[in-house]
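Analysis of the macromolecular model
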Amino acid sequence: MAQPAQKPVSGEVAIQIENMNKWYGAFHVLRDIDLTVYRGERIVIAGPSGSGKSTLIRCINALEEHQKGSITVDGTLLSSDVKNIDKIRSEVGMVFQHFNLFPHLTILENCTLAPIWVRKIPKREAEETAMHFLEKVKIPEQADKYPGQLSGGQQQRVAIARSLCMRPRIMLFDEPTSALDPEMIKEVLDTMVELAEDGMTMLCVTHEMGFARQVAHRVIFMDAGQIVEQNEPEAFFNNPQNDRTKLFLSQILGH
Amino acid sequence: MSDTHAESVAYVRDTMLPQQPPPASEAGAVKWMRENLFSGWFNTLLTLVSLYFIYQIVTGAWPWFANGIWTASSLAECREILGGQTGACFSVLTERWNQLLFGFQYPSDQYWRPVTAFVLLIVALAPVLYPKAPRQLLVVTALYPFVAFWLIWGGTLLAPLVALIGVAGGYVAFKLVEHQSFAMGAFAGLVAALVIWVLGGFVSGSAENVLALQPVPSRDLGGFMLNMILGTVCVSLSLPIGILLALGRQSSMPIIKWICVIFIEFIRGVPLITLLFVANVVLAYFFPPDANIDLVLRVIIMITMFASAYIAEVIRGGLAALPRGQYEAADSLGLDYAQATRLIIMPQALKISIPGIVNVAVGLFKDTTLVSVISMFDLVGMIRGPILASTEWNGVYWELWGFAVLLFFIVCFSISKYSQWLERQLATDHR
């Protein structure tokens, strides 16, 4: 594997999060989050469960609403304006833990639906794009099957292809391998590594520390709704500073 | 397993076992009977007792069918021909065939009109019910409501034509304004349709004899035709209204939500028969004295409201069964609410709801017989009223009610079978 670039690829800002706070009722889930993501940068977000990692990236495409602070994606300020939200969502791809493919549509239809209806791309062209990305995730032969007929790993790769068909500039991954059998994790990670090599801006919530070492420019460690520590992967894994980070790493890498 | 393997703990399989067919078992009718009918002394006893009962019922009922009289002109004549023997008097069905189907006031030289409407109904339903039917037939489906109205009620063709042009005009206006917002488009469509209807109403009102069929007033409709009209119209109206109500109930806009909740809960809390009495009597007080709203229309409104409240609840169940991830996936791809609902949410929610919707539809179709209580002469009304009350056929219960049962059973059983077929067609979650 090629040595990943250790410096952000460009100085251009892709996502700017400033002083962002979120509450679930009275529970303070995210506290004073400040984060700048540069174009082409690959960030892995780690942390114990309940630390707000998923909530953070779900705020970026407005699946969750934040109550204080600001999020700017690609120069568009995320507000309650539906037009802005739809614009951001069509630029930001998302891959879920449970794939969330549409079970009533074939693999090909899953991939062409959003391009046809949101981007207004002609059907034939959308299908060509879809086949291109299905080949990229190495399952073009499954195009006419339904999601229920595929294995978990295949479904997750379809989910990645479905997001890519919208030609997003940023990809969010919400624990993409957590629901998979060990044998299938690798095929999904390989797909993600390939995507990283193409220079995609990626934010990835995952427990796959090998993946973090291999592709991340930066690892962010969260606990109790705050960013506790962030660093380049080498420094993060070899020389953690915060006690909570040390404990987490010793538990996750200990065996 | 060889000896070397048995002695050591380590074991390496060197050949994989090939797949083998399951053990061949004795098949055939004898095996089936032994397993299902005579699998023990108690089950054998039950089987024999059941067979005895079936034998008794069949032998008891058979002479009644076999001796049936098909050609008499009254019950008295039937009894005369039978001469004390057991036997059905099916001649009431042949003699009153048209009354049972069309009611007793529909002009008999115009029977071809409802018959044509019925045949066209099958053609119009085909592309909706069977995805494999030619798509061009959808044109027939779109035109059908207007043609059927003209055929059954008669009058000038201009009236349904104006209605059709109004709908088409509304759709064009909606499409023109839709890009601004869905609500604006809907409003523009409504205004355009109303304008065309009002203007066209003057034209068709002043030219009542252009392309006119003999007009038939609503009170002259009857027989099984009336049940079919009410059933078809109310089912096809209550499904879209039910969908809207279910979505409205889930809406985040409080006013829309509460309107839908109150409507659904109120309608579900009231017996249909009271709603029909309201339609018959009370509703007239709410309209201006000279506004003579057609009785069939009033009944259609009430039954539709009733059924749509139930369908809304069934669909709400389907919506609730969808995982949140489906909404999130649709959102994350940038689909807006209307697209997500139409392309992702509704197809799945409706699929889950099919058994419930069919349940409501079958119930609704059978409930159309309740209109006999407000003195409309549907199939049940005809049997109870004009036929059983006539001097010729007073007392012919089994044959008439058996016929009514048969007609309703055929329709309802077909609906049920169709829905099972549809569920199998839509199943995508198997291998």
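Bear in mind that the values here come from a model prediction, so they are computed numbers and not experimental data. (Residues numbered from 1 in each chain as written. Chains lettered and ligands numbered in written order. Predicted model: local features only at pLDDT ≥ 70, side-chain atom pairs only at ≥ 80, totals over all residues. Heavy atoms only, no water.)

**Side note on the overall build of chain B**
Selection rule: Strands are runs of DSSP state E lasting at least 2 residues, helices are runs of H or I lasting at least 4, and numbering of each runs from the N terminus. C-alpha atoms define the radius of gyration in this analysis, and the globule rule sets the expected value at 2.2 Å times the number of residues to the power 0.38. Relative accessibility decides the category of a residue: with a 1.4 Å probe and only protein chains considered, values under 20% of the type maximum give buried, values over 50% give exposed, and everything between is partly exposed. In what follows, residue pairs with any heavy atoms lying within 4.5 Å of each other are defined as contacts. Using the Shrake-Rupley algorithm and a 1.4 Å probe, accessible areas are obtained, with residue cover drawn only from the displayed protein chains. When charges are counted, Lys and Arg contribute as positive and Asp and Glu as negative, whereas His and the chain ends are disregarded. Charge positions come from single atoms, namely NZ of Lys, CZ of Arg, CG of Asp or CD of Glu.
The helix and strand tally for chain B stands at 18 helices and 2 strands. By the compact-globule yardstick of 22 Å for 431 residues, chain B is too spread out, its C-alpha radius of gyration being 29 Å. Counting only C-alpha atoms, chain B reaches 105 × 80 × 40 Å along its principal axes. Classification of the 431 residues of chain B by burial places 39% in the buried group. The long-range fraction of contacts in chain B, counting pairs at least 24 apart against all pairs at least 6 apart in sequence, stands at 69%. Approximately 25,400 Å² of chain B is accessible, and the part contributed by carbon and sulfur atoms is 70%. Taking the 23 positively charged and 25 negatively charged side chains of chain B as two groups, their mean positions are separated by 4 Å.

**Brief notes about empty space enclosed by the protein**
All names here are of chain A. Counted only if it meets this: With a 1 Å grid laid over protein atoms only, a set of points is called a cavity when a 1.4 Å probe fits there but cannot get out and a pocket when it is open yet has protein on both sides within 12 Å along at least five of seven lines; lining residues have an atom within 4 Å of a point. Grid points are joined across faces, edges and corners, and a volume is the space filled by probe spheres set on the points. Residues are grouped as follows: nonpolar covers Ala, Val, Leu, Ile, Met, Phe, Trp, Tyr, Cys and Pro; charged covers Asp, Glu, Lys and Arg; every other residue, Gly included, is treated as polar.
Throughout the structure, instances matching the rule amount to 2 cavities of 30 Å³ or more. In this structure, the largest cavity occupies an estimated 40 Å³ of space. Lining the largest cavity, in full, are Lys136, Val137, Leu164, Thr191, Glu194 and Leu195. Considering every element that reaches the lining of the largest cavity, the biggest residue donor is helix 6 (residues 182-197), with 3 residues. Classifying every residue of the lining of the largest cavity gives 3 nonpolar, 1 polar and 2 charged. Its volume calculated, the second largest cavity comes out at about 30 Å³. At the level of secondary structure, the elements contributing two or more residues to the lining of the second largest cavity comprise strand 3 (42-46), strand 8 (201-205) and helix 7 (209-215).

**Digging into the pattern of salt bridges**
Condition: What makes a salt bridge here is a side-chain nitrogen of Lys or Arg within 4 Å of a carboxyl oxygen of Asp or Glu, nothing more.
Tallying each qualifying case throughout the model produces 22 salt bridges over all chains. One salt bridge in this structure joins Asp198 of chain A and Lys136 of chain A, with 2.5 Å as the shortest N-O distance. Placement of Asp198 of chain A in the loop between helix 6 and strand 8 and of Lys136 of chain A in helix 4 (residues 123-136) is noted, with a sequence separation of 62 residues between them. For Lys136 of chain A, a relative accessible area of 25% puts it in the partly exposed group. Arg96 of chain B is paired through a salt bridge with Glu95 of chain B; the nearest N and O atoms lie 3.3 Å apart.

**Remarks on the domain arrangement of chain B**
Heads up, the rule is: An automatic or database domain assignment supplies the residue ranges for each domain.
Domain parsing of chain B yields domain 1 (2-66) and domain 2 (219-431). Taken over C-alpha atoms, the centre of domain 1 of chain B sits 43 Å from the centre of domain 2 of chain B.

**Remarks on the interface of chain A and chain B**
Convention followed: Buried area, as used here, totals the accessible surface that two parts lose on assembly, with accessibility defined by a 1.4 Å probe and the loss added over both. Polar contacts, as counted here, are pairs of nitrogen or oxygen atoms within 3.5 Å of one another; within protein the pair requires one atom able to donate a hydrogen and one able to accept it, and residues that are adjacent in sequence qualify only if both atoms are side-chain atoms.
Of the residues lining the interface, 24 residues belong to chain A; the matching set on chain B comes to 20 residues. For the pair chain A and chain B, the two sides together bury roughly 2,000 Å², of which 62% comes from carbon and sulfur. When residues of chain A are sorted by the area they lose upon contact with chain B, Phe102, His104 and Trp117 of chain A head the list and together hold 28% of the total. Summed over the shared surface of chain A and chain B, the result is 1 salt bridge. Residues Arg58 of chain A and Glu328 of chain B are paired through a salt bridge, measuring 2.6 Å at the closest nitrogen-oxygen approach. At the boundary of chain A and chain B, one finds 6 residue pairs in polar contact (both at pLDDT 80 or more).

**Quick look at the sheet that holds strand 5 (residues 76-77) of chain A**
Residues and elements named next belong to chain A. To keep things clear, this is the line we draw: Two strands qualify as a pair provided that DSSP identifies no fewer than 2 bridges between them. Lines are fitted to the C-alpha atoms to define the axes, a helix being fitted only along its stretch in contact, and any angle between axes, read from their N-to-C directions, falls within 0 to 180 degrees.
Judged by pairing direction, the sheet is antiparallel, and its 4 strands sit side by side in the order 2-1-4-5 without closing on themselves. If you trace the sheet from one side to the other, it starts and ends with strand 2 (27-38) and strand 5, each paired once. Relative to strand 2, strand 1 (residues 13-24) runs antiparallel, the two sharing 8 bridges. Its bridge partner being in strand 2, Lys22 is matched across the sheet by Leu30. Here helix 1 (residues 53-60) sits on the sheet in contact with strand 1, strand 2 and strand 4 (68-73), set at roughly 120° to strand 1.

**Description of the side chain of Ser51 of chain A**
Residues and elements named next belong to chain A. With respect to the helices, strands and loops of the structure, Ser51 is situated in the loop between strand 3 and helix 1. In terms of polar contacts, Ser51 uses its side chain to reach the backbone carbonyl oxygen of Pro48, at 2.7 Å. Among all residues touching Ser51, those that are not within four sequence positions of it are Val29, Met222, Asp223, Ala224 and Gly225.

**Overview of the nonpolar core**
In plain terms, the rule: Side-chain atoms within 4.5 Å link the members of a nonpolar core, which is a set of buried Ala, Val, Leu, Ile, Met, Phe, Trp, Tyr and Cys residues.
Counting 131 residues, the largest nonpolar core has Ile17, Ile45 and Leu203 of chain A together with Leu221, Ile303, Val371 and Leu400 of chain B as its most contacted members. Those residues in contact with Ile303 of chain B that lie beyond four places of it in its chain are Leu230, Cys234, Leu272, Leu276, Leu364 and Val371 of chain B. Ala46, Cys111, Leu164 and Met209 of chain A belong to the second largest nonpolar core, which has 45 residues in total.

**Some remarks on the sheet that holds strand 7 (residues 170-174) of chain A**
Residue and element names in this part refer to chain A. Here 6 strands make up an open sheet; going across it, the order is 6-7-8-3-9-10 and the pairing mixed. Whereas interior strands pair on both sides, the edge strands pair on one side only; in this sheet they are strand 6 (92-95) and strand 10 (226-231). For this sheet, the mean inter-axis angle between neighbouring strands, taken without regard to orientation, is 20°. One ladder, built from 5 bridges, connects strand 9 (residues 218-223) with strand 10; its direction is antiparallel. Paired with Phe221 across the two strands is Glu229, which belongs to strand 10. Strand contacts of helix 1: strand 3, strand 6, strand 7, strand 8 and strand 9, with the helix running at about 150° to strand 7, the strand carrying the most contacts. Against the sheet, helix 5 (residues 152-164) contacts strand 6 and strand 7, and its axis sits at roughly 170° relative to strand 6.

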